[in-house]
Structures are given as C-alpha cells and as structure tokens.
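Each chain, letter by letter, is given below.
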Amino acid sequence: MTNLDSRIAQHLDSLAAAHRRRHLRAADPGLIDVSSNDYLGLSRHPLVIERADAWMRAHGAGSRASRLVTGTTQALLDLEARLAAFKGTEAALIFATGYQLNSSVLPALFELAPDSDKPVVFTDRLNHASLHAGCRGIHQIRYRHNDLAHLESLLALNPGEMRFIVAESVFSMDGNRADVPALAALAERHHAILYLDEAHATGILGPGGRGLAALAPGQVPVVMGTLGKALGGAGAYVAGSKLLIDWLVNRCDGFIYSTAPAPAALGALDAALDLVPAMDAERSRVAAMAEQLRTTLQARGYATLESTTQIVPAVVGTEAAALAAAQHMAAAGVLAIAIRPPTVPDGTARLRFSLSSALSEAQFGQVLAAAATLPRRD
Ligand SMILES: Cc1ncc(COP(=O)(O)O)c(C=O)c1O
C-alpha cells in the first residue's frame, strides 16, 4: 500500500468507528423515495423531459465553452430574463451547480469591501456547507440558528463598512423557515447586505412558488436558488440588480472559468418555469402530507424540530440509531436516508424525509404506516 493509501485507510477506519463512514450505493428504485428534493416531481414530468430533449437537439449535448467565450446563447439570455421575472429582480445568472455558485459568488462580493476594512459576515449556524465554503478565509460571526435578536446584538457589536448577512430561507436539514421579511428589515436597519439561499424554497414555497424572498419584494439584494430540487433539472441561479450580475460576470471565478450549463438542463428549466406558477394544488398537497407525517412522527416520540415545510426531520440522536431507523424504513419499502454529523450537529443524527407531489396516495400511506412503526422514542 502506498503512503497515501495507508493514511487514507487509517482515516477511513476512524470515520467507520464513529459510524460516520459514507458509502456510494445505488439508490434502490424499488423503494418509495422520500429522500430526494424533487418536491414537485418535475424531474420526471413529460414536458420537462421533452423540453430538455428539444434544447439538447437544438444546442447540442454540451455547451462547449465558458459563458464569456462561446457558451452564451440568446436562448440562455432569454431564460435568465425569465428567471429574473420569476424572482422579481432586474437580472439573474445561471450556474452549473448551487455549490459552485455559493462558493464563488460570496468571495466575489467580499472583494467589494475596501482594503482598509475587511467584510464582516454574519452567518446562521445551520447554513449549508456551500455557504460556508463561500465564506472560507473570512471571519464569520455565527448567530444562533434563526435567532434574529442574537443577530441584531452581534450587528450592534461589530461595525464595518461592508457587512453581509448570509442565511437560508428554508433550512435544508431542519425544514424550518427564516422570517424573511423580518430578516430583510433587520438587514436594512443595520445597512447590512442580505444574501439569501432559496435552494429549498424555490418552486415549492412562496406565492406561485417564487420562494420566500417574494414576501419581502425588493428587499433582498442577493438571492440564489437551485434548479435541481423543486424545479427538477440541474444548476442554480443568482438574482438581483443588473449591476450585481454585471459584477459577477466580471469577477466571479466560478462563473468565468467554468463551462456553461448543459443545454438539456436549460431546457428543463424553461419548461419548469412554464409549469411551476400554476402548481398551487401540488404545493398544498405536499404541505398537507408534511403535516400528517410530522403528526405521525411526533406520536412516536420523535422531535421534528421547527419543521413547517416539505422537509421533515425525525431526530434519532446517535449515528448508529439513525442508521438503524433508516434500515427499519427500508425494510418497510421506504427510502428515508439517515443524516449524520457533520452534516447536522452532534447528537442530532436523524431521518430526513422530503415529500414530493409525485408520491401517490397509496405510496404516502405506506410511508406513514412505516413511520408509525418506528421504535418509540420517549
Ligand atoms: C441550502 C443549499 N444550498 C445550496 C446547495 C447546493 O446546490 P447544488 O446541489 O445545486 O450544488 C444545496 C444542495 O443540497 C442546499 O441544500
């Protein structure tokens, strides 16, 4: 074994001892899927597939170059204008993935701070890894999860010329929401710039599926979301003023030095934007299913935290117990993945259910029945 491999083996052994070793396993298509983020079932929608196919035939399998070289088509510019209209902003820019977007847009924004005064960045403790990646090397002041009073006190204590607040509108592992209007008002009061991640809200929450930033129109200067969750395809967008987008086109490495998103993904988005505004019935059904699942899990003694969305955690505690709970669900025909630290805080390993309008009544009944037989926790 090489030196590299023996070191890797040692480290993997310690992950395994802590029940934190991860493995790539093909998902079992025979199980009912309550772990994907395809909240509106659009990844399999005939119109989405047909449009992805049509765009691939028109523009090719790949986009052939970065956006500033030959990767920009008129169709892509038109699609970005549609996205901006959907989000109620002047402009939008599409990236290949949300991780790439968060990890490169934030550094491009931090560059705007004067040399004499470094940016001050306030981050919610439960922010997604991609947001932390975007803040790497920057002093992050972490506020208690969703605790706006705590955030306000930290803002008062930490002055600066350019201050950012970075948060999610729906937290991916807890399924709860930020109070976006209150957060936006607080940011305005303190002259801080709000950066909002709408990965788990876009398409499924807010008026017409436009996300929770739509509840504070014109008050969220930088909003991003992903296209691979409720919108069913792949990629991510950032939306805001024309100047913001112009700056990113000029200074955001993850945009400049990366091949443009594949035409099929763009076609899928074009169709999703046709469908999503009219999917209120599907959004309501998902919300009702989530409520029923929370009630069932709570009746078995499981904390579902502050979940009010399609994402429903069932906190189990230890990594080993969470893995056992996932196995219990799988034995009942349900794919409910165990989420372990470091993705979630120590001692809060959990099952993370995410509900989709693609589930039939019978399938959802099976999910509820399986959840009702989880070992009691009280
Ligand atoms: C809150 C949040 N932001 C960003 C991302 C990254 O998006 P993508 O999967 O497109 O890389 C995710 C993905 O799970 C997410 O949950």
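The text that follows walks through the structure, step by step, so that each part is easy to find.

So, empty space enclosed by the protein
If you walk through the whole model with that rule in mind, you get one cavity of 30 Å³ or more. Empty space within the largest cavity amounts to approximately 60 Å³. Around the largest cavity, the lining residues are Arg67, Ile94, Phe95, Ala96, Gln100, Gly254, Phe255, Ser258, Thr259, Ala260 and Pro261. Secondary-structure elements contributing two or more residues to the lining of the largest cavity are strand 2 (91-95) and helix 10 (253-256). Of the residues belonging to the lining of the largest cavity, the class tally is six nonpolar, four polar and one charged.

Observations concerning the sheet that holds strand 9 (residues 311-317)
Strand order in the open sheet formed by three strands is 9-12-11, and the pairing between neighbours is antiparallel. Two strands bound the open sheet, and with one partner strand each, they are strand 9 and strand 11 (338-339). Bridge count between strand 11 and strand 12 (residues 349-354): two bridges; the pairing is antiparallel. Within strand 12, the position partnered with Ile339 by the bridge is Arg350. Against the sheet, helix 12 (residues 280-299) engages strand 9 and strand 12, with an angle of about 15° to strand 9. Sheet strands in contact with helix 13 (residues 319-331) are strand 9, strand 11 and strand 12, and its direction is about 35° off that of strand 12.

Here we look at the pattern of salt bridges
Evaluated as defined, the whole model comprises 16 salt bridges. Glu198 is the salt-bridge partner of Lys87, the closest N and O atoms lying 2.8 Å from each other. On the criterion of sequence distance, the pair formed by Lys87 in helix 4 (residues 74-87) and Glu198 in the loop between strand 6 (193-197) and strand 7 (222-226) is long-range, its members being 111 residues apart. By relative accessible area, which is 10% here, Lys87 ends up buried. With a relative accessible area of 0%, Glu198 lands in the buried category. For Arg350, the salt bridge is made with Asp174, and the minimal N-O distance between the two is 2.7 Å. Here Arg350, found in strand 12, pairs with Asp174, found in the loop between strand 5 (163-168) and helix 8 (180-189); they are 176 residues apart in sequence, far enough to count as distant. On the basis of relative accessible area, Arg350 is assigned to the buried category, the value being 2%. Using a relative accessible area of 10% as the deciding quantity, one classes Asp174 as buried. Three or more residues joined by partner-sharing salt bridges are found here, namely Arg51, Arg82, Asp270 and Asp274.

Some words on the packing of aromatic side chains
Throughout the structure, instances matching the rule amount to two aromatic pairs. Ring centres of Phe95 and Phe255 lie 5.6 Å apart, and the angle between their planes is 55°; on these two criteria the pair is classed as tilted. In this pair, Phe95 is assigned in strand 2 and Phe255 in helix 10, connecting sequence segments 160 residues apart. On the basis of relative accessibility, which here comes to 2%, the residue Phe95 falls in the buried class. Centre to centre, the rings of Phe110 and Phe164 are 5.1 Å apart; their planes meet at 75°, and the pair counts as edge-to-face. Here Phe110, found in helix 5 (residues 98-110), pairs with Phe164, found in strand 5; they are 54 residues apart in sequence, far enough to count as distant.

Some remarks on the site of the ligand
Close to the ligand lie 14 residues; Gly98, Tyr99, Asp197, His200 and Lys229 are nearest. In the environment of the ligand, an oxygen atom lies 2.7 Å from a nitrogen or oxygen atom belonging to the backbone of Gly98. Surface burial for the ligand is 80%, taken as the share of its 390 Å² of free accessible area covered by protein chains. When each cavity is represented as a set of grid points, the ligand is found to reside in the largest pocket. Per element, the largest residue contribution to the shell around the ligand is three residues, and it comes from helix 5.

What to know about helix 1 (residues 3-17)
Helix length check: helix 1, at 15 residues, gives a terminal C-alpha distance of 21 Å against a target of 21 Å (1.5 Å per residue), a fit within 8%. After helix 1 finishes, the residue His19 shows a positive phi value of roughly 60°.

Reading the values: the criteria
Residues numbered from 1 in each chain as written. Predicted model: local features only at pLDDT ≥ 70, side-chain atom pairs only at ≥ 80, totals over all residues. Heavy atoms only, no water. 1 Å grid on protein atoms, 1.4 Å probe; cavity = no way out; pocket = protein on both sides within 12 Å on 5 of 7 lines; lining within 4 Å. Points joined across faces, edges and corners; volume = space filled by probe spheres on them. Helix = DSSP H or I, 4+ residues; strand = E, 2+ residues; numbered from the N terminus. Nonpolar A, V, L, I, M, F, W, Y, C, P; charged D, E, K, R; others polar. Pairing = 2+ DSSP bridges. Contact = heavy atoms within 4.5 Å. Axes fitted to C-alpha atoms, helices over the stretch in contact; angles between N-to-C directions. Salt bridge = Lys/Arg side-chain N within 4 Å of Asp/Glu carboxyl O. Buried < 20%, exposed > 50% of the residue type's maximum accessible area, 1.4 Å probe, protein only. Phe/Tyr/Trp six-rings, centres within 6.5 Å; stacked < 30°, edge-to-face > 60°. Near = heavy atom within 4 Å. Polar contact = N/O pair within 3.5 Å; in protein donor to acceptor, adjacent residues only side chain to side chain. Areas by Shrake-Rupley, 256 points an atom, 1.4 Å probe, with all protein chains shown as cover. Sits in = over half its atoms within 2 Å of the grid points. Expected span 1.5 Å × (residues − 1).

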